[in-house]
There are 2 protein chains.
Amino acid sequence: MREASNRSNRRVVYETLRRKVLTLELPPGASLSENELAASLGVSRTPVRESLILLGEEGLVRVFPKVGSFVSRVDAERVADAQFLREAVELAAFDDIPETLDPELVAELRANLEHQREARLDLEKFFELDEAFHHGLLRLSGHGRAWSTVVAAKGHLDRARRLGLHETNGMGRFVDEHHSILDAVVAGDTSSARDSLRAHLRAVFDDIEKTRQRSPELFATDDGSVPVRRSIAVWE
Amino acid sequence: MREASNRSNRRVVYETLRRKVLTLELPPGASLSENELAASLGVSRTPVRESLILLGEEGLVRVFPKVGSFVSRVDAERVADAQFLREAVELAAFDDIPETLDPELVAELRANLEHQREARLDLEKFFELDEAFHHGLLRLSGHGRAWSTVVAAKGHLDRARRLGLHETNGMGRFVDEHHSILDAVVAGDTSSARDSLRAHLRAVFDDIEKTRQRSPELFATDDGSVPVRRSIAVWE
DNA sequence: GTGGCAGGTCTTGTATGTAAGCAGCGTCGA
DNA sequence: TCGACGCTGCTTACATACAAGACCTGCCAC
């Protein structure tokens, strides 16, 4: 019945749920019943449950034993933690940038920036390119593998950013900042690249903070309280 | 039959397995059959399987579908990745050290160093204190929560370190280095503290490198090849 | 002797059954 | 009217049954 896929059901379910949580398609507080999800996705509870456990470890889902599982609130502390981590890692990588850069990778980054400009009004597309760009910066210094750790830690940061960017009219400014960073790196001016990158990351974070002050309800502190059980889940 | 514990079976199994992997009690390459582990631990396959999945995400275990699960080899690349990450995070934290330190925390760190000196011949005890010390340094700057991410990423680094320290005669040198770091921090000399911390972390890493050159077989690159199935598991 | 095939046994992946607990709501009593 | 109590339906946690594939071993043919 199910096609012979190399990717296990669990992997598919995990990635599907993760994407929906990060894109806020499954909003904070949404109920994630194992039974409902299993029925919706056409699999048994097992892969769903295993996925929820993984998302729980990542902090994107909270599992309350015998009560229910819910998409976690966007936690301001976790957002700040992720900001600190990514800044530390990305800046530290610039200390290890080699004298001569991998020309192929530089070309890839330049092409990425072109696509960013084209996609500056398409939130999802832009986010995807933004991720690849920052990952690429790490790869320039040979620390590309550290990106996965950053990715795993910055779920709350990404959701907070999305909350803010829904009110923004275009990501042109970010593209400009990306350009500054890459130009400085290519010019061999590591110090300037560091400053530009730090400024860029801080600007993103400041936007989030502004959003938080405007709409604090979106950032409800994620204490141990159990959300109301009513199904908020938006699930087709 | 089983006592009403707040900690779920899965949590207990996960932490048990993780500890045994990190302490090399379960050596790299050891077979981790879900059935065997379930029988040994007196639980069903479910919590064991869920734990193995989590350890797999952490990189400590490799799961080969329909073949078996095995403790992952100590991977030199992953060791280097973890080294980069922890250095980035710990050094970046020093940029945010406040003017006046939390005196309670400082006292705790000083007491920790006393215990380190007492335990400098007891590997496991020393490791525990070492972890708490570095975590404490992060807490000084208000970034204590970032430690969990570092912990989750540095499993390979910890195992590599253990491999090396089995051949060492005491951790007195590390205690001295810890003292230098803390003294510089307390004196408000952040720059010197950074230098000392970086030197300390690099020294640890150099030790690992030396071990790797002496005993490369312990660091077999962890490619996709399936280990022999014969049960290497040491399990009482 | 050697190569190849088949079967048995192991593995993980998935589905489902069972247990135990929390929450909400209605009802009953004061 | 209001509070307490129990029932009902939901949840996750755990156990178990089944499916499908990989590997090893031994036998058989050549």
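Rules of the game
Residues numbered from 1 in each chain as written. Chains lettered and ligands numbered in written order. Predicted model: local features only at pLDDT ≥ 70, side-chain atom pairs only at ≥ 80, totals over all residues. Heavy atoms only, no water. Helix = DSSP H or I, 4+ residues; strand = E, 2+ residues; numbered from the N terminus. Buried < 20%, exposed > 50% of the residue type's maximum accessible area, 1.4 Å probe, protein only. Contact = heavy atoms within 4.5 Å. Areas by Shrake-Rupley, 256 points an atom, 1.4 Å probe, with all protein chains shown as cover. Near = heavy atom within 4 Å. Polar contact = N/O pair within 3.5 Å; in protein donor to acceptor, adjacent residues only side chain to side chain. Nonpolar A, V, L, I, M, F, W, Y, C, P; charged D, E, K, R; others polar. Phe/Tyr/Trp six-rings, centres within 6.5 Å; stacked < 30°, edge-to-face > 60°. Lys NZ or Arg CZ within 6 Å of the ring centre and 35° of its normal. Least-squares fit on C-alpha atoms with pLDDT ≥ 70 in both. Pairing = 2+ DSSP bridges. 1 Å grid on protein atoms, 1.4 Å probe; cavity = no way out; pocket = protein on both sides within 12 Å on 5 of 7 lines; lining within 4 Å. Points joined across faces, edges and corners; volume = space filled by probe spheres on them. Buried area = accessible area lost by both parts, 1.4 Å probe. Salt bridge = Lys/Arg side-chain N within 4 Å of Asp/Glu carboxyl O. Lys, Arg positive; Asp, Glu negative; His and termini not counted.

- In the nomenclature of an unreviewed UniProt entry, chain A is known as DNA-binding GntR family transcriptional regulator of Promicromonospora iranensis.

Description of the overall build of chain A
Here comes step 1: Per the secondary structure count, chain A includes ten helices and two strands.
Here comes step 2: Start at the N end of chain A and walk to the C end: the helices and strands fall as α-α-α-β-β-α-α-α-α-α-α-α.
Here comes step 3: Considering chain A as a whole, with its 236 residues, one finds that 50% of them fall into the buried category.
Here comes step 4: Relative to all contacts within chain A whose residues are 6 or more apart in sequence, the contacts with residues 24 or more apart total 77%.
Here comes step 5: Carbon and sulfur atoms form 49% of the exposed surface of chain A, whose accessible area is close to 11500 Å².

Brief notes about the protein's contact with DNA strand C
Here comes step 1: The environment of DNA strand C is formed by 26 residues, the closest being Asn9, Ser44 and Thr46 of chain A together with Arg45 and Arg49 of chain B.
Here comes step 2: Note that a base oxygen of DNA strand C is positioned 3.0 Å from one of the side-chain N or O atoms of Arg45 of chain B.
Here comes step 3: The set of elements that each furnish at least two residues to the surface near DNA strand C consists of helix H1 (9-22) and helix H3 (45-58) of chain A together with helix H2 (34-41), helix H3 (45-58), strand E1 (61-64) and strand E2 (68-71) of chain B.
Here comes step 4: Of the residues belonging to the surface near DNA strand C, the class tally is eight nonpolar, eight polar and ten charged.

A closer look at the packing of aromatic side chains
Here comes step 1: Counted under the stated rule, the structure contains four aromatic pairs over all chains.
Here comes step 2: Against the face of Phe127 of chain A rests Arg161 of chain A, its NZ or CZ located 5.1 Å from the ring centre.

Points about the relation of the copies chain B and chain A
Here comes step 1: When chain B is fitted onto chain A, the two copies agree to an RMSD of 0.1 Å after a turn of 180° and an axial shift of 0.1 Å. Here the copies are linked by what is in effect a two-fold axis. Closest approach to the rotation axis among the C-alpha atoms of chain B is made by Ala88 of chain B, whose C-alpha sits 2.7 Å away.
Here comes step 2: With an isologous cut-off of 70% or more, the 100% of interface residues of chain B that recur at the interface of chain A puts this contact in the isologous class.

What to know about the pairing of E1 of chain B
Residues and elements named next belong to chain B.
Here comes step 1: The pairing of E1 with E2 spans four bridges and is antiparallel. Paired with Phe64 across the two strands is Gly68, which belongs to E2.
Here comes step 2: Counting the residues between successive antiparallel strands, the hairpin from E1 to E2 contains three residues, one of them, Lys66, with a positive phi of roughly 65°.

Here's the deal with the layout of surface pockets
In this approach a probe as big as a water molecule rolls over the atoms, and the regions it shows empty are the leftover space.
Here comes step 1: Computed from the structure, the second largest pocket encloses a volume of approximately 900 Å³.
Here comes step 2: Around the second largest pocket, the lining is made up of 30 residues, and of these Val63, Phe64 and Pro65 of chain A together with Ser8 and Arg10 of chain B lie nearest the centre.
Here comes step 3: Elements supplying a minimum of two residues to the lining of the second largest pocket: H3, strand E1 (61-64) and strand E2 (68-71) of chain A together with helix H1 (9-22) and H3 of chain B.
Here comes step 4: Split by residue class, the lining of the second largest pocket holds nine nonpolar, ten polar and eleven charged.

Describing the protein's contact with DNA strand D
Here comes step 1: Inspection of the region around DNA strand D gives 26 residues, with Ser33 and Arg49 of chain A together with Asn9, Ser44 and Thr46 of chain B positioned closest.
Here comes step 2: Protein-adjacent atoms of DNA strand D, using a 4 Å cutoff, are sugar or phosphate at a proportion of 70%.
Here comes step 3: At 3.3 Å from a phosphate oxygen of DNA strand D is found a main-chain nitrogen or oxygen belonging to Glu34 of chain A.
Here comes step 4: Measuring from a sugar or linking oxygen of DNA strand D, one finds a backbone N or O atom of Lys66 of chain A at 3.4 Å.
Here comes step 5: Of all elements in the fold, only helix H2 (34-41), H3, E1 and E2 of chain A together with H1 and H3 of chain B reach the threshold of two or more residues within the surface near DNA strand D.
Here comes step 6: In terms of residue count, H3 of chain B provides more of the surface near DNA strand D than any other element does, three residues in total.
Here comes step 7: A per-class count over the surface near DNA strand D returns eight nonpolar, eight polar and ten charged.

Focus: the interface of chain B and chain A
Here comes step 1: Counting residues at the interface gives 21 residues for chain B, matched by 21 residues for chain A.
Here comes step 2: Regarding the contact of chain B and chain A, the summed buried area is about 2100 Å², with carbon and sulfur atoms giving 62% of it.
Here comes step 3: On inspection of chain B and its partner chain A, the count reaches nine salt bridges.
Here comes step 4: Where Glu57 of chain A meets Arg11 of chain B, a salt bridge forms, and the shortest distance between an N and an O atom there is 2.8 Å.
Here comes step 5: At the surface where chain B touches chain A, the tally comes to eight residue pairs in polar contact (both at pLDDT 80 or more).
Here comes step 6: For the side of chain B that touches chain A, the elements supplying multiple residues, two or more each, are H1, H3, helix H4 (76-94) and helix H7 (147-153) of chain B.
Here comes step 7: For the side of chain B that touches chain A, the leading source of residues is H4 of chain B, giving eight residues.
Here comes step 8: A class-by-class count of the residues in the side of chain B that touches chain A yields ten nonpolar, two polar and nine charged.

A few points about unusual backbone geometry
Here comes step 1: Within the chain, Leu24 of chain A stands out as a residue other than glycine whose phi angle is a positive 70°.
Here comes step 2: Residue Leu24 of chain A is classed as buried on the basis of its relative accessible area, which comes to 15%.

Considering the side chain of Arg10 of chain A
Here comes step 1: Structurally, Arg10 of chain A can be placed in helix H1.
Here comes step 2: Although Arg10 of chain A is buried, it makes no salt bridge; Glu57 of chain B carries the closest opposite charge, 4.1 Å away.
Here comes step 3: Leaving out residues up to four positions away in the same chain, Arg10 of chain A has contacts with Pro47, Glu50, Ser51 and Leu54 of chain A together with Ile53 and Glu57 of chain B.

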